[in-house]
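Observations on chain architecture
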Amino acid sequence: MEEWYPYKRLREIRDPKSYGGLIFIPKNVGASEWPLLVYLHGAGEVGDDLDMLLGEGATGTPLRAIEKDEDYPKELLKFIVVGPQAQMNWNAKRLKKFLDFVLMCMPNADPSQIFVTGHSMGGAGALNAASALEDVFAAVVPVAPAGAPAPDRIHEHRIPVWAFHGRNDVIVESAISERFVSGLRDLGAAPDDARLTLYDNAPTPPGWPTCVGHASTIPAYRSPELYAWLLTKRRNVPSPSDDEPTARVDAPTTAAATPKTKTTATVAVEKTSDDHQLPYHPKNLLHDSALAKKGFLRRDSTGGRRNSKAGHLSSPETSSPEKKNNNNQDQQPPAEGVFRPPPDNGDDFA
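Note that this is a predicted model, so its numbers are computed, not measured.

As for the overall build of the protein chain
Regarding its fold elements, the protein chain presents nine helices and eleven strands. Within the protein chain, the proportion of its 350 residues that are buried is 53%. Contacts in the protein chain between residues far apart in sequence, at least 24 positions, make up 70% of those at least 6 positions apart. Just so you have it, the protein chain exposes about 15,400 Å², and 48% of that area is on carbon and sulfur atoms.

Here it is as structure tokens:
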């Protein structure tokens, strides 16, 4: 019997206390620590259907580019990429809960290299999150942000910013990005930590013909320089102690442009149970009964997604219980079973 899989290169990740979303995990992520890129969508993708994150209006955004095999720089594949979905406006505290959940599911994500980016409403959400949350983000990349906080908090947190905007944007005027970056520079931010790229003729989002110039996402996320710049940014995260809490260090430092190996890594991992600190590899996680018993992974015999109060991370081969198989309209997924590892197709994807 033929099975239907919703995503080729992405997985579903869902935390009942914050957000659900989609995540891209590089194929060889288990061999090292990898930077984490968090993408916050705009108002057009608000809802409770994760397929909306990959809609036509999201053309050029990181997750859609990877899933649809659109034009994107190979440097993007040096990141774990996650995109939560909001049902209303973005909330910084809820985003922090979601990030904590992602880091728990992904022990090989580097907590010193968490980057937040977003478009329009998501661009404003990225700036607000960077302003509200200390010691979380190594850099923030707002793309056509629909608003911006005062720049002083981000400057105090020493978070580098690279903003992108279209001068021809009829939805969100580029003056928002210009004023924000100018404010950072007035406060003394170094030129490399307060960057602004303006496009004279930014594209119009496909399917949104009246939103002229609002798809600065397309050229911004296709820029290899953006990802190279991100990889030079890092927050200092001291090694945790059994007896002392983790200290706080605000200043980002220069990092190498490649993921650091596990043998040299110094990361802050919340002291919970050993189950949450196991070396990560996609195939190991998919079969990890310890995480499943704790309710963080939900499983069925077809590798399918299950709506549950417990959080879960699905396989890229997951089948959707909401979408019926064409060969059997009344088929329901069995209650128990195991995830299957993704196919080894020889490319760079998990």
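Details of the packing of aromatic side chains
Taken as a whole and judged by the stated rule, the model has eight aromatic pairs. A ring pair is formed by Tyr39 and Tyr221, whose centres lie 5.9 Å apart and whose planes are at 85 degrees; its orientation type is edge-to-face. Taken together, the positions of Tyr39 in strand S3 (residues 34-40) and Tyr221 in the loop between helix H6 (217-220) and helix H7 (224-230) put the pair 182 residues apart, joining distant regions of the chain. Tyr221 matches Tyr39 in its accessibility class, with the two residues each being buried. Note that Arg195 overlies the ring of Trp162, its terminal NZ or CZ placed 3.9 Å from the centroid.

Regarding the confidence of the model for the protein chain
Across the protein chain, the average pLDDT comes to 75, with 65% of residues at 70 or higher. Note that pLDDT drops below 50 for residues 240-309; the model gives that stretch 189 contacts with residues more than four away or on any other chain. Note that pLDDT drops below 50 for residues 316-350; the model gives that stretch 104 contacts with residues more than four away or on any other chain.

Focus: the side chain of Glu75
Looking at the secondary structure, you find Glu75 in the loop between helix H1 (62-67) and strand S4 (80-85). Buried charged residue Glu75 carries no salt bridge. Nearest counter-charge: Lys74, at 5.5 Å. Those residues within four positions of Glu75 in sequence are excluded, and the remaining contacts are Pro224 and Tyr227.

Re the environment of Leu40
Here Leu40 shows up in strand S3. Distance in space between the C-alpha atoms of Leu40 and Leu53 is 9.7 Å, their sequence separation being 13 residues. Setting aside chain neighbours within four positions, we find Leu40 in contact with Pro84, Trp90, Leu95, Val116, Thr117, Gly118, His119, Gly122, Gly125 and Ala126.

Reading guide: rules and limits
- What you see as residue numbers is a count from 1 along each chain, following the sequence as written.
- In keeping with the model being predicted, local features are shown solely for residues with a pLDDT of at least 70 and side-chain atom pairs are shown and tallied solely at 80 or more, while totals for entire chains, interfaces and linings include all residues.
- The basis for the side-chain values is all heavy atoms of the structure; hydrogens and waters are excluded.
- Only DSSP runs of H or I covering at least 4 residues are called helices, and only runs of E covering at least 2 are called strands; the numbering of each starts at the N terminus.
- Three labels apply to residues, based on accessible area from a 1.4 Å probe with only protein chains included: buried if under 20% of the type maximum, exposed if over 50%, partly exposed otherwise in between.
- Here, two residues are considered to be in contact whenever any of their heavy atoms come within 4.5 Å of each other.
- Only the protein chains shown count as cover for residues, and all accessible areas are computed by the Shrake-Rupley method using a 1.4 Å probe.
- Note on ring pairs: Phe, Tyr and Trp rings are taken, using the six-membered ring of Trp, and paired if centres are within 6.5 Å. Classes follow the plane angle, with under 30 degrees stacked, over 60 edge-to-face and the rest tilted.
- Any Lys NZ or Arg CZ found within 6 Å of a ring centre and within 35 degrees of that ring's normal is scored as a charge over the ring.
- pLDDT measures the predictor's confidence residue by residue and takes values from 0 up to 100.
- Counting rule applied: Lys, Arg positive; Asp, Glu negative; His and chain ends not counted.
- When a carboxyl oxygen of Asp or Glu lies within 4 Å of a side-chain nitrogen of Lys or Arg, that pair is called a salt bridge.

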